[in-house]
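Working through the structure, step by step
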Amino acid sequence: MTGSDVLASLHPRLPSPLQEVRDTRFTRHGIRLLLKRDDLIHPELIGNKWRKLAPNLDAAAGRRIVTFGGAYSNHLRATAAAGRILGLPTTGVVRGQELADRPLNPSLARCAADGMRLHFVDRSTYRHKTDPETLAAILRAAGAEDAYVVPEGGSNAEAVRGCTSLGTELRGHADVVALACGTGGTLAGLTAGLAPTQRTLGIPVLKGGFLTADIQALQKQAFGGHRGAWSLDDRFHFGGYARTTPELDTFAEDFEQRHGLPVERLYVAKLLYGLVALAEEGSFAPGSTLAAVITGRP
């Protein structure tokens, strides 16, 4: 299957729409806010899931795809959906052996309904899944030794290069492009596609401060070295991945009411909250245009 076949089969909406919203929390500082609606690319392969998966689906060349995720992984769901649409076999390695004896939650049930074979591993093994010996053992146990492996979150060199198109679509439209970051692959590629005068701001949704090194490693794998002007602000993870607070929920509900836009809580809400806070701090020059990448929906 060629890259063009993948594109034709999945029918993406590209380039994704760019929507201006007028919000007094930005306009009073002289900032223009645009929303890059990557959540509208595809009904099942939403946002950066599309941009990361398409090149990997191409590289798999019809082989079974094995990938990794937690019990509520959007990446697993997107991979399972892509497998169903394209007729490709998929296996999801799920963190948590204890889940194997429990009823499937709605997210994993959707994966199974889309034809994904689920393989549960204990959390210690999962933490070492990138070690060659551990990965080989996982693949043997899953009956997928000849499969094409996509890492957790879909971030590898192919995915990073696939995300450069997001930067290309935003060339000339914004001074600063901001997005929420999980594994850092989207930021690594997006930045490489922007013009030299543009910069990227990442809002990590996990705590730990490890993402800078991960992004640098991904850019080295994909491009041979550093690309673009980018930075991270680690203050808006709200306790870590999959965690929210009443304050964040209130903010998201308010943004929804102001602009009629459903706000996904684990990534998008943290991004938008961070941008409002940064605007109040004077982090963006008056007269500048800010583009926020909407990578998912509730």
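Let me begin by describing the structure that accompanies this report. Here the structure is a predicted model, which means the values were calculated and not measured. Residue positions are given per chain, counting from 1 as you read along its sequence in written order. Totals for whole chains, interfaces and linings use every residue, but because this is a predicted model, local features are given only for residues with pLDDT of at least 70 and side-chain atom pairs only at 80 or more, for both listing and counting. Note that the side-chain values use all heavy atoms of the structure and ignore hydrogens as well as water.

**Remarks on the packing of helix H12 (residues 246-259) against helix H13 (residues 268-281)**
Describing two packed helices takes the angle between their axes plus the distance from one axis to the other. For helices, the axis comes from a line fit to the C-alpha atoms of the stretch in contact; other axes are also lines fit to C-alpha atoms, and the angle between any two N-to-C directions lies between 0 and 180 degrees. Put simply, DSSP H or I for four residues or longer makes a helix, DSSP E for two residues or longer makes a strand, and each gets a number counted from the N terminus. At a minimum axis distance of 10 Å, the contact between H12 and H13 shows a crossing angle of 85°. The orientation of H12 with respect to H13, classified from their angle, is roughly perpendicular. Within the contact between the two elements, H12 uses Glu247, Leu248, Phe251, Ala252 and Phe255 and H13 uses Ala269, Lys270, Leu272, Tyr273 and Val276. Following the grouping adopted for this structure description, the nonpolar residues are Ala, Val, Leu, Ile, Met, Phe, Trp, Tyr, Cys and Pro, the charged ones are Asp, Glu, Lys and Arg, and the polar ones are all others, Gly among them. Looking at the contact of H12 with H13 residue by residue, the classes come out as eight nonpolar, no polar and two charged. Here is the rule for angles: anything less than 35 degrees is roughly parallel, anything more than 145 is roughly antiparallel, 65 through 115 is roughly perpendicular, and the remaining ranges are oblique. Should any heavy atoms of two residues lie within 4.5 Å, those residues are counted as being in contact.

**Description of the sheet that holds strand S5 (residues 117-121)**
A pair of strands is labelled paired if DSSP reports no fewer than 2 bridges between them. With parallel pairing, the four strands of this open sheet are ordered in space as S5-S4-S3-S6. Edge positions in the sheet fall to S5 and strand S6 (148-149), since each of these pairs with one other strand and no more. Across two bridges, strand S3 (residues 65-69) lies against S6 in parallel orientation. Within S6, the residue paired with valine 66 across the bridge is valine 149. Sheet contacts for helix H7 (residues 132-141): S3, strand S4 (90-95), S5 and S6; angle to S3, the most-contacted strand, approximately 115°.

**A look at the sheet that holds strand S7 (residues 176-181)**
Strand order in this open sheet of six strands is S1-S2-S10-S7-S8-S9, and the pairing throughout is mixed. Edge positions in the sheet fall to strand S1 (18-21) and strand S9 (229-232), since each has one partner strand and no second. Taken pair by pair, the neighbouring strands of this sheet meet at an average axis angle of 25°, ignoring direction.

**Quick notes on helix H10 (residues 185-193)**
The periodicity of an α-helix, 3.6 residues per turn, causes residues three or four positions apart to be oriented the same way. With eight of its nine residues buried, H10 lies for the most part within the structure. Residue burial is assigned from relative accessible area. The probe radius is 1.4 Å, only protein chains are included, and a residue is buried under 20% of its type maximum, exposed over 50%, and partly exposed in between. All of the buried residues along H10 are Gly185, Thr186, Leu187, Ala188, Gly189, Leu190, Thr191 and Gly193.

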